[in-house]
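Topology and contacts: notes
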Amino acid sequence: MMKKIKILQGQIGLLAKEGEYLQVLTAGEYRFSDWFNKLQLTTFNLTGGAIEAKLAEHLRQYHADWVEQYCDDIQLAEDEMGLLYEYDLLNEIIPSATRRLYWKNSGLRRCEICKTTEQEISPELVSLLHAAKTHKRTVKGLDNILIAQISVWQIGILKIDGTVQELLQPGLYGYWRVGYDISVEIVDTRSQAKVEDNLAEYLRQQHSDWVDEFCDGIDIADDEMGLLYEHAVLVEILPPATRSLHWKNGNPRRIEVLKSSELEADAELVSLLMSAMARKRSVKGSDCVLITQIPAWHVGILKVDGIAQELLQPGLKGYWRVGHDVLVEIVDTRLQVLEISGQEILTRDKVNLRINLSANWRYQDVLMAYEQLSDPVSYLYRELQFALREIVGTRSLDELLENKQVIDDLVGEKIQQIAQRFGLEVASLGVKDIILPGDMKTILSQVVEAEKSAQANVIRRREETAATRSLLNTAKVMENNPIALRLKELETLESIAERINQISVYGGLDQVLNGLVQIKGEQK
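Just so we're clear, the structure is a prediction, and the values are computed from it rather than from any experiment. (Residues numbered from 1 in each chain as written. Predicted model: local features only at pLDDT ≥ 70, side-chain atom pairs only at ≥ 80, totals over all residues. Heavy atoms only, no water.)

**Focus: the overall build of the chain**
What the chain contains, in helices and strands, is 14 helices and 28 strands. A compact globule built from 524 residues should have a C-alpha radius of gyration of about 24 Å, whereas the chain, at 59 Å, is more than 25% larger. When the backbone C-alpha atoms are referred to their principal axes, the chain occupies close to 205 × 70 × 50 Å. Once local pairs closer than 6 in sequence are excluded, the contacts in the chain between residues at least 24 apart make up 65%. Accessible surface, the chain as shown: approximately 31,900 Å² in total, 50% of it carbon and sulfur. When the 59 basic and 78 acidic side-chain charges of the chain are each reduced to a single mean position, those positions are 7 Å apart. (Helix = DSSP H or I, 4+ residues; strand = E, 2+ residues; numbered from the N terminus. Rg over C-alpha atoms; globule rule 2.2 N^0.38 Å. Contact = heavy atoms within 4.5 Å. Areas by Shrake-Rupley, 256 points an atom, 1.4 Å probe, with all protein chains shown as cover. Lys, Arg positive; Asp, Glu negative; His and termini not counted. Charge placed at Lys NZ, Arg CZ, Asp CG, Glu CD.)

See below:
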């Protein structure tokens, strides 16, 4: 029985009988005698992947001539990598120590061998891989290669197994990742100008030539301060004992060194920092300088490590905060008001009063006050409280209500003696309010009402007595003097006539006048 077999273009076949490979069949038609149907055919696409590993090892071991004639044999050593091209396009990066067989496909497949002893990849291959990545074309095994794109104003730090090996300038770089932990740290020298401290120390000790090429070194002594300028603009204040490196990034950079033993900062620097603050531009390390603006009618107390040093006049001041705790406390030298409100005090006769006191005060000697007192205002407030309680508590309610000025005088006299010892002056003080309890107000109102009622009765009796005495005197005059009595009659008649609209007179006016009143003397 004849068996007909056809192999298509782009295919290859393996003819086997009872598990043994007999022949490799290329494209074409074949006839074989197979009486017992024992022939087996396996076909493969020439453009397919690698031959299965078990079959590949069998072919290598028992049919080396077939391998040489029909296969592409790829065997990579431990220090080699393979670049597999198909149709002149990179298709795969084959790792080291790889053994593969591919069916030959008319020379459309090729493999380039690269030595991994040189960890850096050639620029041509890096460009090829970068282009494939840019165009999103898949290349198998790309994770075996590290590609780093370093842009302008960036620095690449190449580390192999955690150790810095090289500083990379802008460009495209590639490295084999075979057998090593390789990484490239990219630093933007514009936004991260300062070199990390551990890296800076390593570069100083191991690669001083790199420091000269890529960095600006800064060394500040223990008794110095540094002002870092870029493009003639202050960008950082460096503290004493600063030792650092900054990446060269195209910005003109200079260092101005100052002595930190001088407590007061230079006026030009203070003005520069104030100008930066006004423009909301941050200067790194500006917290090393204390800047204070002392307004008019105020003074500043300069304290160093908690001790008052001197009195500062109005203006803009700046002081270094290096090695010392520097503080400026601003004090108002004008007359100020201190209110002592709601003081509830028992008088000598056990009446609970609420008293409000107001005091006008000022600093007489600011330094004396702050040398002896941590908080002069609180101290003055407490002393006014104590004096007020002492004076009110030793007097009765009647004494206090009779003369409120006594409280002002006695409190003022007592507080003046105390305040002068601490550089304070109380210009004036006075009780604003004395507030009585509700029931005491009612009692006092009743007392006042009774007193005023009694006074009104006395005045009323006095006036009645005076009126009676006057009437008695008038009667005596009229008794001894008829003419005066007659005048009084006429006056009375006049007042009556004013109230009458019409008067009818009969018998003449004389008869009316004579008939109205009979004079006592004539009746006799």
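Now, onward.
**Here's the deal with the pattern of salt bridges**
Tallied over the entire structure, the rule returns 28 salt bridges. Note that aspartate 73 is salt-bridged to arginine 60, the shortest N-O span being 2.5 Å. One end of the pair, aspartate 73, is in strand S6 (residues 71-75); the other, arginine 60, is in helix H1 (residues 53-62), and 13 residues separate them in sequence. The class for arginine 60 is buried, based on a relative accessible area of 15%. Note that glutamate 224 and lysine 259 form a salt bridge whose closest N and O atoms lie 4.0 Å from each other. Residue glutamate 224 is located in strand S17 (residues 224-230), and its partner lysine 259 is located in strand S20 (residues 253-259); the two are separated by 35 residues in the primary sequence. Relative accessible area serves as the criterion here: at 17%, glutamate 224 is assigned to the buried category. For lysine 259, a relative accessible area of 43% corresponds to the partly exposed category. (Salt bridge = Lys/Arg side-chain N within 4 Å of Asp/Glu carboxyl O. Buried < 20%, exposed > 50% of the residue type's maximum accessible area, 1.4 Å probe, protein only.)

**Let's talk about the side chain of glutamine 154**
Along the chain, glutamine 154 turns up in strand S12 (residues 154-160). Engagement of the side chain of glutamine 154 in a polar contact is seen with the backbone nitrogen of serine 151, the distance being 2.9 Å. When residues no more than four places from it in sequence are discounted, the contact partners of glutamine 154 are Gln149, Leu168, Pro170, Ile186, Val187, Asp188 and Thr189. (Polar contact = N/O pair within 3.5 Å; in protein donor to acceptor, adjacent residues only side chain to side chain.)

**Here's the deal with the nonpolar core**
Ranked by size, the top nonpolar core spans 35 residues in total, and within it Leu353, Leu384 and Val411 carry the most contacts. Of all the secondary structure elements, the ones that give two or more residues to this core are strand S22 (298-304), strand S26 (336-346), strand S27 (352-363), helix H7 (366-372), helix H8 (376-393), helix H9 (397-402), helix H10 (405-420) and strand S28 (424-435). A domain-level breakdown of this core finds at least three residues from each of domain 1 (221-332) and domain 2 (337-436). If we ignore the near neighbours within four places in the chain, the residues touching valine 411 are Leu357, Leu384, Ala387, Leu388, Ile391 and Leu429. (Core = buried A, V, L, I, M, F, W, Y, C linked by side-chain atoms within 4.5 Å. Domains from an automatic or database assignment.)

**Description of a negative patch on the surface**
On the surface, a cluster of negative charge is made up of Glu262, Glu264, Asp266, Glu268 and Glu310. Take glutamate 264: it is sitting in the loop between S20 and helix H6 (267-278). Of the residues examined, glutamate 264 reaches a relative accessible area of 47% and is grouped as partly exposed. (Patch = residues over 30% accessible without salt bridge, like charges linked within 9 Å, V, L, I, M, F, W, Y side chains within 5 Å.)

**Observations regarding the domain arrangement of the chain**
Frequently, the measure chosen for interface size is the accessible area that the parts lose on association. By the assigned domains, the chain splits into domain 1 (221-332), domain 2 (337-436) and domain 3 (442-494). The distance between the C-alpha centroids of domain 1 and domain 2 comes to 44 Å. If you look at the interface, domain 1 gives 9 residues, while domain 2 gives 4 residues. Taking both partners together, domain 1 and domain 2 bury about 570 Å²; carbon and sulfur atoms supply 79% of that area. (Buried area = accessible area lost by both parts, 1.4 Å probe.)

**With respect to the sheet that holds strand S8 (residues 89-94)**
One open sheet accounts for 3 strands, arranged S8-S7-S10; its pairing is antiparallel. In the strand order of this sheet, the two ends are held by S8 and strand S10 (109-115), each with one partner. Averaged over all pairs of adjacent strands, the angle between strand axes in this sheet comes to 25°, irrespective of strand direction. Where strand S7 (residues 80-86) meets S8, 5 bridges bridge the pair, whose relative direction is antiparallel. For leucine 83, the partnering residue across the bridge sits in S8 and is isoleucine 93. On top of the sheet, helix H3 (residues 123-134) reaches S7 and S8; it is set at about 105° to S8, its chief contact. (Pairing = 2+ DSSP bridges. Axes fitted to C-alpha atoms, helices over the stretch in contact; angles between N-to-C directions.)

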